[in-house]
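Reading the structure
Listed below, chain by chain, are the residues.
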Amino acid sequence: MAHPRVTIVGATGAVGKVALTVLEERAFPMESLRLTASPRSVGRTVTFKGEELTVEATTPAVFAESDIAFISANDDISRDMALAAKERGCVVIDDSGVWRMDPEVPLVVPEINADDVDAHNGILAIPNCSTTPLVMALDALRQASPIRRVIAATYQSVTGTGSAALAELEEQSRDYFAGNEARTDQYPHPIAFNLLPHVGSFRDGGHTSEEMKMLNETRKILHEPGLPVSATCVRVPVRVCHSEAVNIEFERPISPGEARELLANYPGIVVVDDPATNAYPMPLDGEGKDEVFVGRIREDVALPNGLALWLVSDNLRKGAATNAVQIAEEVVARGLWRYGAAKPAVEATA
Ligand SMILES: NC(=O)c1ccc[n+]([C@@H]2O[C@H](COP(=O)([O-])OP(=O)(O)OC[C@H]3O[C@@H](n4cnc5c(N)ncnc54)[C@H](OP(=O)(O)O)[C@@H]3O)[C@@H](O)[C@H]2O)c1
């Protein structure tokens, strides 16, 4: 078998669908592709490269005949199915928040810490979709000076919650103009024409889980365990793309020009920064693209050695599916997908 047998768990979801597109676009080498989802979707067909694939149930048996699984469903499925896959010798690239901070699980943005893939023990994780673009910008800029402190405010799209939240935004928008009361299912308040300073769940101290992910995951990916990162995460009525206003304090001064050059030369980052022509990154421009877009790069007048910037990134692509496929590419390139003991050809029971 020259290429891995691949399974996407959650193939009918917001990220899963984009993962199919990304696998095709990047011509990811595969022996076969299987798709699984919830019992609701079993039997549905999905077209991949002109071929109709039937969505299967998500059972451990699927992994006995898979070499790489992208798990993109929800925390419960990730918790159970990642272990089931690993036990069957299938390497997992997990999209959920369940495994990211496990010391045995590499948390990878390949542009930054691809070598962490080498230490995988059957499960690898992608970061949270707000963390990924932030760490890429920080990694570019720390080449000029160590970072002392990061403050970020996020503006996160509804697809960060999944496809049901996008449907809710669309429905609430129609109801708003029709004068109907908003039905709220996905969030505690209406999201259409509103902002919710509430992403994830509230924790002790008043932070949200999303804000703590931005602190902890940034430290793990950058290998900077003491880096102070303070985030305020806000859900906004945008379809796709997370945006962030970021203020960074450095040990040494970095001019906006120097920062622009470092960012522009970094793989996967595009600088869009020309105030004279109103050019700056926006979600509508970033949707469907893999790059992280950075602009509004300027001195932070409230901080010594400070810079302020604005970034935009498609949460479903670099924030999820593209990063996951890039990790799989690293796993394959390093010959690390033949994991664990030899597999039985067919598993007798689920
Ligand atoms: N959305 C983002 O921007 C983003 C970014 C980074 C990471 N993630 C993570 O990626 C994962 C997927 O997110 P999403 O936004 O794609 O969510 P989503 O749109 O709600 O899709 C969820 C997927 O999981 C499947 N699923 C639900 N319950 C299941 C079950 N009991 N067994 C098997 N499959 C089940 C769904 O199948 P049905 O269609 O049959 O219901 C669907 O395919 C989550 O862990 C999320 O935290 C998301």
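What counts and what doesn't
- Residues numbered from 1 in each chain as written.
- Predicted model: local features only at pLDDT ≥ 70, side-chain atom pairs only at ≥ 80, totals over all residues.
- Heavy atoms only, no water.
- Helix = DSSP H or I, 4+ residues; strand = E, 2+ residues; numbered from the N terminus.
- Buried < 20%, exposed > 50% of the residue type's maximum accessible area, 1.4 Å probe, protein only.
- Polar contact = N/O pair within 3.5 Å; in protein donor to acceptor, adjacent residues only side chain to side chain.
- Contact = heavy atoms within 4.5 Å.
- Near = heavy atom within 4 Å.
- Nonpolar A, V, L, I, M, F, W, Y, C, P; charged D, E, K, R; others polar.
- Domains from an automatic or database assignment.
- Buried area = accessible area lost by both parts, 1.4 Å probe.

Observations regarding unusual backbone geometry
Most peptide bonds take the trans configuration, and most residues that are not glycine carry a negative phi. Backbone geometry at Ala27 places phi at a positive 50°, although glycine is not the residue there. Looking at the secondary structure, you find Ala27 in the loop between helix H1 (14–25) and strand E2 (32–37). With phi around 100°, Cys241 is a residue other than glycine that occupies positive phi space. Relative to the assigned elements, Cys241 resides in the loop between strand E9 (229–235) and strand E10 (242–250).

Some remarks on the side chain of Arg100
Looking at where Arg100 falls in the secondary structure, it is placed in the loop between strand E6 (91–94) and helix H4 (110–113). Residue class for Arg100 comes out buried when judged on its relative accessible area of 5%. Within the structure, Arg100 has its side chain in polar contact with the backbone oxygen of Ile126 (distance 2.7 Å). Setting aside its immediate chain neighbours within four residues, Arg100 contacts Asp95, Val105, Leu107, Ala125, Ile126, Pro127, Asn128, Lys213, Glu217 and Lys220.

A look at the side chain of Thr322
In this fold, Thr322 is placed in helix H10 (residues 317–333). In contact with Thr322, other than residues within four places in its own chain, are Val22, Arg26, Asp290, Leu316 and Arg317.

As for the site of the ligand
Around the ligand there are 26 residues in total, and Thr12, Ser38, Arg40, Ser41 and Thr159 lie nearest to it. At 2.6 Å, a side-chain N or O of Ser38 approaches an oxygen atom of the ligand. Arg40 is positioned with one of its side-chain polar atoms (N or O) 2.7 Å from an oxygen atom of the ligand. Looking at the shell around the ligand, the elements that each hand over two or more residues are H1 and H10. Here the residues of the shell around the ligand sort into nine nonpolar, 15 polar and two charged.

Quick look at the domain arrangement of the protein chain
One frequently used descriptor of interface size is the decrease in accessible area upon assembly of the parts. Per the domain assignment, the segments of the protein chain are domain 1 (5–127 + 320–333) and domain 2 (131–157 + 195–315). Listed per partner, the contact involves 16 residues of domain 1 and 17 residues of domain 2. Sorting the residues of domain 1 by area buried against domain 2 places Met101, Glu111 and Ile112 first, and these three jointly supply 39% of that buried surface. Joining domain 1 to domain 2, the criterion identifies eight residue pairs in polar contact (both at pLDDT 80 or more). Among the secondary structure elements, those contributing two or more residues to the side of domain 1 that touches domain 2 are H4 and H10. Across the side of domain 1 that touches domain 2, the residue classes break down as eight nonpolar, three polar and five charged.

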